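# Survey of secondary and tertiary structure
Each chain, letter by letter, is given below.
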Amino acid sequence: MFPARVAIAAGLAALVVGGGVAAALREPAPAATGAFVRDDDGRALVAGGFNTASSSKSAPDGMPDFSEADLDREHADTGTGFVRFLISWRKVEPSPGTYDQAYLDDVAERVDWYAERGYHVMLDMHQDLWSGAITPSGDAGNGAPAWATYLDGLPVRDHDMWELYYLEPGVIRAFDHFWNTTGEHPELMEHYAGAWRAVAQRFAGSEAVVAYDLMNEPYGGTVQGPAFEAGPLTELYRRTVDAIREVDPDTWACLEPQAMGFNWGLPSGLRPVDDPRDGEPRIAFCPHLYPLPMDLGEGFSGTSRGLVEGTVDAWAANTARTARALGDVPVILGEFGLDTTKPGALEYVDLVYRTADAAGMGVVYWSSDPGPWGPYESDGRPRNLLGVVDRPYPRAVAGDLRSWQVADDELVIRLGTGRPGADDDGAGVGAGAASEAYLPAKAFPDGGAVDGGRVVAWDPATRVLTFTIDAGATTVTIRPA
Ligand SMILES: CN(C)c1ccc(C(=O)NC[C@H]2N[C@H](CO)[C@@H](O)[C@@H]2O)cc1
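Our subject in this report is the structure included herewith. (Residues numbered from 1 in each chain as written. Predicted model: local features only at pLDDT ≥ 70, side-chain atom pairs only at ≥ 80, totals over all residues. Heavy atoms only, no water.)

### Observations regarding the sheet that holds strand β10 (residues 393-397)
Sheets are built from strands paired through backbone hydrogen bonds, the pairs being either parallel or antiparallel. Across the sheet, which stays open at both edges, the 5 strands sit in the order β1-β10-β13-β16-β15 with antiparallel pairing between neighbours. At either end of the open sheet lies a strand with only one pairing partner, and these are β1 (44-45) and β15 (453-459). Sheet analysis places β10 next to strand β13 (residues 435-438), joined by 3 bridges and oriented antiparallel. If you follow Ala396 over to β13, its bridge partner there is Glu436. (Pairing = 2+ DSSP bridges. Helix = DSSP H or I, 4+ residues; strand = E, 2+ residues; numbered from the N terminus.)

Here's what the structure looks like:
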């Protein structure tokens, strides 16, 4: 069997074994490390938002079919404060060594939309199946430019199930050239790092852009698993972080594991990546979660429910383990989602958010695109997903944030007793700044009352409660005002 097919088969086997065992044992939630992406005041930022958007992948201008009015609607309906914004290498570097500033202007315009509404932005250098250039129609893959796509004349047959393109000889060869497995195109990884340098040069000064997601769902071609992750993938991340740090000392660099396997609950072999910046490293771990039964079209019910619960437990344990291995780095769940018309779908969405809350992870749902996975129908009508995504969460915490929990009409925030968040001089920061929590109208119609702190302000328009935390408090409970 082809290595990738072996990996899928291993994934299935591990899922059945792992899912059954974990579901039976219901592994305890992994300990939260207290590591977070922090703002300029040293406050721990909790990502809560959508991926925007899949429509960017094939758009000629690389922009999402998403207007400023769409953002206002999302903000009003869900209280999000974070976005994983998709960008493409094909648009950043349309020809070798030339960077399209007009494209970066378009990205900057949308970053400003988010910034003006108090959002933080993760820029995601997105690829699926390497490139649109893997097929003549250009509608299978996305991400890499055609000039960086070498199929060597190998076949890429059409598939209804898009994931199967990853097994096509031409697609595997394109990845093998990029990772220099063939030894014939060592320049490609350098170009990729250079493209990120150009993006970072543009956004280094942006207060809103707090993170760069270096590659979406990496795939190793003929090199799979720990050999890929500890080899060429870690090498690409090292080179890209070095290139970014030449122009941007402060934005976090998000590392993703190999998607095939980790998304399904299998462990990662990713190795630590040094950060050459002065001060604390700013590396984060940003995995995705897509249990295999759901990738295969199942919902969250019957046999699938137990397997999926086992996958979520295994995934959470693997995520905590990998974050520790990378240096106790912050974790943002960069993607999870499903067709919410499937049975039990909203219970699954709620399970994932609760799991992330307990682990101290931010969550970015896939995706804001209209349709059966998203918050709105294609005609703009609200969908069932809104009721679950519109939930209370701590947006920014001036303290040693560890985890939080949503219970009926309470938001319980748990803190450690360490320094609120060392800044580059090692001094505790964030202690003096105020914290923020989003409180949805359904449970907090008039805002919140704070036990373990003091209310500073309530903004009924954005539904954001600003509050301070009592010195030494390890629990802050926000109840309806
Ligand atoms: C075989 N390989 C390499 C593979 C299989 C399945 C996925 C996947 O489902 N990904 C989940 C979602 N993520 C992308 C966008 O990043 C979406 O298009 C997928 O639904 C990825 C890779």
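### Description of unusual backbone geometry
Note the cis peptide between Thr52 and Ala53, where omega equals -10°. Within the element layout of this structure, Ala53 appears in the loop between β2 (48-52) and α2 (68-78). Residue Ser367 is reached from Trp366 by a cis peptide bond, and omega for that bond is 0°. Its place among the elements puts Ser367 in the loop between β9 (362-365) and α12 (386-389). Residues other than glycine seldom take positive phi values, yet Asp328 does so here, at roughly 50°.

### Overview of the site of the ligand
Taken together, 15 residues are adjacent to the ligand, and His126, Asn216, Glu217, Asp295 and Glu335 come closest. Note that a nitrogen atom of the ligand is positioned 2.9 Å from one of the side-chain N or O atoms of Glu217. Here an oxygen atom of the ligand sits 3.1 Å away from a polar atom, N or O, in the side chain of Asp295. The protein chains hide 93% of the 510 Å² of surface that the ligand would expose on its own. Class assignment for the residues of the shell around the ligand results in 6 nonpolar, 3 polar and 6 charged. (Near = heavy atom within 4 Å. Polar contact = N/O pair within 3.5 Å; in protein donor to acceptor, adjacent residues only side chain to side chain. Areas by Shrake-Rupley, 256 points an atom, 1.4 Å probe, with all protein chains shown as cover. Nonpolar A, V, L, I, M, F, W, Y, C, P; charged D, E, K, R; others polar.)

### Details of the environment of Thr135
By the element assignment, Thr135 lies in the loop between β4 (120-125) and α5 (169-178). Take Thr135: its relative accessible area is 7%, and that puts it in the buried class. Sequence-distant contacts of Thr135, defined by excluding residues within four places in its chain, comprise Ala140, Val156, Asp158 and Tyr165. (Buried < 20%, exposed > 50% of the residue type's maximum accessible area, 1.4 Å probe, protein only. Contact = heavy atoms within 4.5 Å.)

### A look at the packing of aromatic side chains
Scanning the entire structure with this criterion turns up 25 aromatic pairs. Ring geometry for Trp89 and Tyr192: centres 5.1 Å apart, planes at 85°, overall edge-to-face. With Trp89 in helix α3 (residues 89-92) and Tyr192 in helix α6 (residues 187-203), this residue pair connects regions lying 103 residues apart in the sequence. By relative accessible area, Trp89 is classed as buried at 2%. The interplanar angle of 85° and the centroid separation of 5.5 Å between the aromatic rings of Phe336 and Tyr353 together place this pair among those described as edge-to-face. Placement of Phe336 in the loop between β8 (332-333) and α11 (345-359) and of Tyr353 in helix α11 is noted, with a sequence separation of 17 residues between them. Judged by relative accessible area, Phe336 falls into the buried class, the value being 0%. (Phe/Tyr/Trp six-rings, centres within 6.5 Å; stacked < 30°, edge-to-face > 60°.)

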